[in-house]
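Read off the chains here:
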Amino acid sequence: MLDGAERCPPFKRFLDAQRIHPANAATLAELPFLPVSAFKRLQPLCFLDAAQIYRVLESSATSGQLPSRIAIDRDTAKLMTKGVTAILADFIGSQRRPYLVVDRPPHPGQGGAANARSAAIQGLMAFSTETCYALRPAAPGEESRADPDGLVLDVDVIAEFCRRHGASNVVAYGFTYVVYLHLGGGLVASSAALAGLRQKLGGALLPRSYLLHSGGWKKLQQISVDKATFNANVSAALGADARSVIDYYGMVEQLGVVYPDCSEGNKHAPRFAEVILRNPLDWSPCVIGQHGLIQVLSALSPSFPGQALLTEDMGVVVHEDRCPCGRRGMAFRFAGRVPKAEVRGCSDVQRRRAA
Amino acid sequence: MNGWPRSLLRPGDSAELQGALDTFLGRPLVVGGATLDGIVHGLDAWGQALGAELGQDVGLPFLKTWWRAPQLRGVLRHEFGEGSGLGPLDFREVIDERPWAPVGTVLHWPAANVPIQPFLSATSGLLAGNRNIVRVPSALTGFVEAALAAAPAAADPVLERLLFVAFAHDRNDLACACAARSDAAMIWGGHEAVASVRSLPFPHWARLHVFGPRISAAMVLLDEQTLAKPAELQRLCRRVARETWQFDQQACSSPLALYLQVTAGAEVAGGGREAAEWAFVAALTQAFEEEDRAHPRHELDVRTSVDIALARTSWLLDDQGGKAVFPVGPAWSILYGGEVDRVPEPVHGKTLYVVSSDNLELAASRLDSSTQTVGVWVHDAALEAKVARQALARGVDRVVRLGLMHVFSTPWDGHELVRPLCRKVHFISTRPTERSADARG
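Throughout, residues of each chain are indexed from 1 in the direction in which the sequence is written. Here the convention is simple: chains get letters from A, ligands get numbers from 1, in the order in which they are written. Owing to the predicted nature of the model, reporting of local features is limited to residues with pLDDT of at least 70; listing and counting of side-chain atom pairs is limited to 80 or more, with chain, interface and lining totals taken over all residues. Side-chain descriptors were evaluated using all non-hydrogen atoms of the structure, hydrogens and water having been removed beforehand.

Caption draft 1: Expanded view of the overall build of chain B. Scanning chain B from terminus to terminus reveals 17 helices and 14 strands. For chain B, whose C-alpha radius of gyration is 24 Å, the value lies close to the compact-globule estimate of 22 Å for 441 residues. Reported as C-alpha extents along the three principal axes, the dimensions of chain B are approximately 80 × 60 × 40 Å. Any two residues whose heavy atoms approach within 4.5 Å at even a single point are treated as in contact. When contacts within chain B are restricted to residue pairs at least 6 apart in sequence, those whose partners lie at least 24 apart make up 74%. All accessibility values rest on the Shrake-Rupley procedure with a 1.4 Å probe; residue burial counts only the protein chains present in the view. About 17900 Å² of surface is accessible on chain B, with carbon and sulfur atoms providing 51% of the total. As used throughout, the charge tally considers Lys and Arg to be positive and Asp and Glu to be negative, leaving His and the chain termini uncounted. To locate a charge, the coordinates of NZ of Lys, CZ of Arg, CG of Asp or CD of Glu are taken. Of the side chains in chain B, 42 bear a positive and 50 a negative charge, and the two mean positions are spaced by 5 Å. Here a strand is any run of E in DSSP of at least two residues, a helix any run of H or I of at least four, and the numbering for each starts at the N terminus. Our radius of gyration looks at C-alpha atoms and nothing else; its globule reference is 2.2 Å times the residue count to the power 0.38.

Here it is as structure tokens:
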């Protein structure tokens, strides 16, 4: 943090204005945090010269809003990959295996900028012996079977992948909503295609697979799909155990750290990161049972000020230590996004400005 | 209507509400010589009875003052004029040719951020002689119920003209039922609330009076006189702090930005403009710390909590030279030192932008009708008048000295409070009046 501030005057101004300067912080909780939305700017907030920038990662953004833009160098990219690999290896094992991506293949012109979806896909490549993309753009005449991004299941490719690896350990990944659409019953055409494929192949498609997914539940909550239903549908589609469907929490602003659900349904910080849930009233750390704003800390972001970030997500502290899954440290659960705007009183001019 | 008029109605369905409205609106109201006194003294007595059971809301002392009989009569005198009858309730044996009459039934739709607003709004309707349906936001039901429970017997003439109704904001059926039975409405709140209430099926003759959404600002001329006297500087900063603290900066009259112009004399006395501004910010910091110790926040919605963090960060990260003073938590923030006259998006939650200004008159000329109140501290009377003229001409409705920004009085938002809820009617007798008959005799 202090090293970065020397290379980033705006960040130095931010640190210098704090009541507790990071040089004097006695605990991690005393370190100043940036809100994740601070990265929603045209010029990425980073500690790098232009020549050092290897990639600029972008979050998804609603129309009219700037996405978060995270500039990383090669060293940071390597650290991030190592971080994700170490965390996920704790859940699915460290061996490399065939990788099924529930998304379309990278397309020409994607360039150096990477969105959250492609960055998350990339993050699992370390586990991959070979990669198969389960979706493709709809061909003319297939539009009615496509998802809102115009993608359909690539049945032939999946069939071939299942034929070759149906008996092997497999890892699969997709954005939560995309997985729901194509594997969880969200799209009738995809469900029918998978049923046909199961019939053709004589049963379960990938019984020894782990399916990881991330990206949030907002769209699924809107259509009242809960986690149990999601897990049951997706695991049934693959013919795998429901416990092998693993939701993880992460963000492009701290891509090297992800928070998968443990066997108890809780999330844990790895050794190179920390999570603090903060009471919205005074930003003090929450205790067991309290809901608070999720703050994430990471040692894996030397190229930008992502060391301590206040998210716009809420969580609840489940255990301060000793989760029954055996992992050490605080265990928490995701408890939803912070609403866009609270209903305010007579000085609520936010909506008018937005209109 | 179990418990009415001393309980809050929580209708389960439209039929229950319609029945309650039939009963409430069907009861005859007799207006006589004692009616105005009954209502004014009823409010006065009710105000005196409001105590600790209503909690520590900062508006409560104001409501108690607002409901004092001399204050209420002052409002009526201000709006109706001395010696010409104080509105529909000022009963005269001989009817005037152009008397005032109530509009009938007024629907009050207060905002949820000011607990006393249901009562302030209803007072206007009461003084105009109307029946009043007050839709109570869910956040305020406890406050309203406690206030109703405290009402003394003397408040009966008031209570028989009031029906407090609580229902969720998405119960459009209940909102429609209230609107359909109303002849006027006073609507307070944010953009969404105002748009939603305006769209209700009021009768075509209904008059809708809208208050909000607006924001407010402060303007300070930092002169030698203020800067050189620590007591004077503290007095100024205490006033700014109190204006910022009330209603957690979420009322339309809350200052979200403070324009600061340093006079040439103060620049010299203070060791330069930046140093003078810093002296002001240092004094303001002390005042904010003291106000926070005296009135700490007890709750903060999570979105505002995040917005405060983001406002501080954006102010400091943007390359505009922004500086800031704030405690470890989100209790308050003073954001200063940015570009001259640059005001970012308002944040609320006791986040005050101190904006350097070369010329307050020019800054006032850039305001528009989104600004409701400007609180001023300008010892130069000529400049104060220029600032006021500019602001009022541009759409600002109130220019008041710092310390009075939240003092609710008539007019408010450019409206009078009682007369718009009355009708000016016409009576021409078939017989000559006694006076004209006497004159002929």
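Continuing now.
Caption draft 2: Region of the structure containing the overall build of chain A. On a plain count of helices and strands, chain A comes out with 10 helices and 17 strands. For 355 residues, the compact-globule estimate of 2.2 N^0.38 gives 20 Å, and chain A sits close to it at 21 Å. For chain A, the spread of C-alpha atoms along the three principal axes comes to 65 × 50 × 45 Å. Exposed residues in this analysis have more than 50% of their type's maximum accessible area, buried residues have under 20%, and partly exposed residues fall in between, with area computed by a 1.4 Å probe over protein chains only. Split into buried and exposed, the 355 residues of chain A put 51% on the buried side. Nonlocal contacts in chain A, meaning residues at least 24 apart in sequence, comprise 65% of its contacts between residues at least 6 apart. Surface summary for chain A: the accessible area is close to 15800 Å², and the carbon and sulfur share equals 52%.

Caption draft 3: Just the packing of helix H2 (residues 35–49) of chain B against helix H5 (residues 117–127) of chain B, in detail. Residue and element names in this part refer to chain B. At a minimum axis separation of 11 Å, H2 and H5 run at an interaxial angle of 160 degrees. Taken together, the axes of H2 and H5 lie roughly antiparallel to each other. Considering only the axes of H2 and H5, their crossing is right-handed. Mapping the contact onto sequence places Ile-39, Val-40, Leu-43 and Trp-46 in H2 and Phe-119, Thr-123, Leu-126 and Leu-127 in H5. For this classification, Asp, Glu, Lys and Arg are treated as charged, while Ala, Val, Leu, Ile, Met, Phe, Trp, Tyr, Cys and Pro are nonpolar and the rest, including Gly, are polar. Here the residues of the contact of H2 with H5 are counted per class, giving 7 nonpolar, 1 polar and no charged. Between N-to-C directions, angles cover 0 to 180 degrees, with each direction set by a line fitted to C-alpha atoms, over the stretch in contact for helices. When an angle is under 35 degrees it counts as roughly parallel; over 145 it counts as roughly antiparallel; between 65 and 115 it counts as roughly perpendicular; any other value is oblique. Two helices crossing with the near one rotated counterclockwise from the far one by less than a right angle form a left-handed crossing, whereas a clockwise rotation gives a right-handed crossing.

Caption draft 4: Up close: the packing of aromatic side chains. Here the aromatic set is Phe, Tyr and Trp, taking the six-membered ring for Trp, and pairing holds for ring centres within 6.5 Å; pairs whose planes are under 30 degrees apart are stacked, those over 60 apart are edge-to-face, and all others are tilted. In total, this model carries 27 aromatic pairs over all chains according to the counting rule given. Look at Phe-39 of chain A and Phe-304 of chain A: their rings are 5.9 Å apart centre to centre, the planes differ by 80 degrees, and that puts the pair in the edge-to-face class. Here the residue Phe-39 of chain A occupies a position in the loop between strand E1 (34–35) and strand E2 (55–58), and Phe-304 of chain A occupies one in the loop between strand E15 (291–298) and strand E16 (308–319), the gap between them amounting to 265 residues. Note on accessibility: Phe-39 of chain A and Phe-304 of chain A belong to one class, buried. With 5.9 Å between their ring centres and 90 degrees between their planes, Trp-67 of chain B and Phe-119 of chain B make a pair best called edge-to-face. Taken together, the residues Trp-67 of chain B in the loop between helix H3 (59–66) and helix H4 (69–80) and Phe-119 of chain B in helix H5 connect sequence positions 52 residues apart. Two conditions define a charge sitting above a ring: the NZ of Lys or the CZ of Arg must be within 6 Å of the ring centre, and it must be within 35 degrees of the ring normal. When the ring centre of Phe-91 of chain A is taken as reference, the NZ or CZ atom of Arg-327 of chain A above it lies at 4.0 Å. One residue, Arg-135 of chain B, lies across the ring of Phe-167 of chain B, its end atom 5.4 Å from the ring centre.

Caption draft 5: A look at the nonpolar core. If you look at the biggest cluster of nonpolar residues, it comprises 138 residues, and the most contacted ones within it are Tyr-173, Leu-211, Leu-212 and Phe-230 of chain A together with Met-219 of chain B. Sorting elements by how many residues they give to this core places helix H14 (residues 302–317) of chain B first, with 8 residues. Nonpolar core, defined: a set of buried Ala, Val, Leu, Ile, Met, Phe, Trp, Tyr and Cys residues in which side-chain atoms within 4.5 Å join the residues together. Membership of the second largest hydrophobic core comes to 59 residues, among which are Leu-50, Leu-72, Ala-147 and Met-186 of chain B.

Caption draft 6: Geometry of the domain arrangement of chain B. Residue and element names in this part refer to chain B. An automatic or database domain assignment is the source of the domain bounds shown. When cut into domains, chain B gives domain 1 (14–212 + 413–424) and domain 2 (215–401). Here the C-alpha centroids of domain 1 and domain 2 sit 34 Å apart. The partner domain 2 presents 6 residues to the 5 residues of domain 1 that form the contact. Counting each side, the surface lost to burial between domain 1 and domain 2 is near 610 Å², with a carbon and sulfur contribution of 60%. Sorting the residues of domain 1 by area buried against domain 2 places Val-58, Asn-113 and Asp-413 first, and these three jointly supply 69% of that buried surface. In this description, buried area is defined as the sum, over both parts, of the accessible area (probe of 1.4 Å) that is lost when the two are combined.

Caption draft 7: Structural context of the sheet that holds strand E4 (residues 97–101) of chain A. Residues and elements named next belong to chain A. A strand pair is defined by DSSP finding two or more bridges across the two strands. As summarised here, the arrangement of the 6 strands in space is E6-E4-E9-E10-E11-E12, forming an open sheet in which the pairing is mixed. Taken across any chain shown, the strands that pair with only one partner, and hence form the sheet edges, are strand E6 (128–133) and strand E12 (259–260). For strand E10 (residues 209–214) and strand E11 (residues 245–249), the ladder comprises 3 bridges, and the chain directions are parallel. Residue pairing in the sheet places Leu-212 in a bridge with Ile-246 of E11. Set on the sheet, helix H3 (residues 74–92) makes contact with E4, strand E9 (170–175), E10, E11 and E12; between it and E10 the angle comes to about 135 degrees. Packed on one face of the sheet, helix H4 (residues 116–123) meets E4, E6, E9 and E11 and runs near 170 degrees to E9.

Caption draft 8: Structural context of the pairing of strand E5 (residues 184–188) of chain B. Residue and element names in this part refer to chain B. Within E5, 5 of the 5 residues are buried, leaving the element largely enclosed by the surrounding structure. Burial along E5 is two-sided: Ala-184, Met-186 and Trp-188 and Ala-185 and Ile-187, pointing in opposite directions, are all buried. By the bridge criterion, 4 bridges tie strand E2 (residues 105–109) to E5 in an arrangement that is parallel. The residue of E5 that forms the bridge with His-108 is Met-186.

Caption draft 9: Quick look at the confidence of the model for chain A. On a scale of 0 to 100, pLDDT captures the predictor's confidence in every residue. Counting all residues, the mean pLDDT for chain A is 89, and 93% of those residues have values of 70 or more. Across residues 350–355 of chain A, confidence stays below pLDDT 50; counting only partners more than four residues off in sequence or on other chains, it has 10 contacts.

Caption draft 10: Broad picture of unusual backbone geometry. Following Thr-410 of chain B, the chain continues to Pro-411 of chain B via a peptide bond in cis, the omega torsion being 0 degrees. Counting through the fold element by element, Pro-411 of chain B comes out in the loop between strand E13 (398–401) and strand E14 (422–424).

Caption draft 11: Representation of the side chain of Arg-161 of chain B in the model. Structurally, the position occupied by Arg-161 of chain B is in the loop between helix H7 (156–159) and strand E4 (162–166). For Arg-161 of chain B, a relative accessible area of 2% puts it in the buried group.

Caption draft 12: Structural detail: the interface of chain A and chain B. At the interface, 38 residues of chain A touch 50 residues of chain B. Note on chain A versus chain B: buried area summed over both sides is about 3700 Å², and carbon and sulfur give 60% of it. Throughout this description, the term salt bridge denotes a Lys or Arg side-chain nitrogen within 4 Å of a carboxyl oxygen of Asp or Glu. For the pair chain A and chain B, the interface holds 2 salt bridges. Residues Arg-19 of chain A and Glu-289 of chain B are paired through a salt bridge, measuring 3.2 Å at the closest nitrogen-oxygen approach.

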